[in-house]
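# Reading the structure
Residues per chain are reported as follows:
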Amino acid sequence: MSRSGVRRLEQSVERHSQRFRELRRDLEQLQHFCKGTVLQRMMKCGKAHCACASDPTKRHGPYFELTYKANGKTVNVKVSPEAAPLYRAASQQYRKLKVLLNRLDKLSQTILRHQAKLAQSQRRG
Ligand SMILES: [Zn+2]
């Protein structure tokens, strides 16, 4: 590999590493997280003579559920109205974690690929 080629790769590694370190700092800011989505539902109670049976605006609730997939199955967990904001915030953190991990993964792949080329060029040179 040419000297300028090596330099270009080194610069690329440095640039991507810089971005990697920035994202790693974002990762450190992450708060508690949980997989899934918080759903808010209004429910029918099932009693034939209750107003909820015929009038959708008279349904009971809201009730909150955390729903997520585990082993390919959808899991629903009841969440109290008080806890719902906590779980909602935590599920947002989880999405943020996934985005960050994805970016860190792609950056790592690029950096490793370039470092591998550099390592190879040193052996030949
Ligand atoms: Zn009812």
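Computed from a predicted structure; not experimentally measured.

### Looking at the overall build of the chain
Of the regular secondary structure elements, the chain holds 2 helices and 3 strands. For the chain, the succession of helices and strands along the chain, N to C, is α-β-β-β-α. The C-alpha radius of gyration of the chain comes to 25 Å, more than 25% above the 14 Å expected for a compact globule of 125 residues. On the principal axes, the C-alpha backbone points of the chain span a range of 85 × 30 × 20 Å. Considering the chain as a whole, with its 125 residues, one finds that 6% of them fall into the buried category. Long-range contacts, defined as pairs at least 24 residues apart, comprise 61% of the intrachain contacts of the chain with a sequence gap of at least 6.

### Considering the sheet that holds strand β1 (residues 37-43)
With antiparallel pairing, the 3 strands of this open sheet are ordered in space as β1-β2-β3. Each end of this open sheet is capped by a strand with a single partner; those strands are β1 and β3 (73-79). Ignoring which end each strand starts from, the neighbouring axes of this sheet average 35° apart.

### A closer look at the pairing of β3
Bridge count for strand β2 (residues 60-70) against β3 is 7 bridges, and the pairing is antiparallel. Pairing of F64 across the sheet is with V79, part of β3. Taken together, β2 and the strand that follows it, β3, pair antiparallel across an intervening segment of 2 residues, in which N71 is found at a positive phi of about 50°.

### As for the pairing of β2
Judged from the 6 bridges that link them, β1 and β2 form a sheet pairing that is antiparallel. Bridge pairing links V38 to L66 in β2.

Calculation criteria
- Residues numbered from 1 in each chain as written.
- Predicted model: local features only at pLDDT ≥ 70, side-chain atom pairs only at ≥ 80, totals over all residues.
- Helix = DSSP H or I, 4+ residues; strand = E, 2+ residues; numbered from the N terminus.
- Rg over C-alpha atoms; globule rule 2.2 N^0.38 Å.
- Buried ≥ 20, exposed ≤ 12 C-beta atoms within 10 Å, placed from the backbone.
- Contact = placed C-beta atoms within 7 Å.
- Pairing = 2+ DSSP bridges.
- Axes fitted to C-alpha atoms, helices over the stretch in contact; angles between N-to-C directions.

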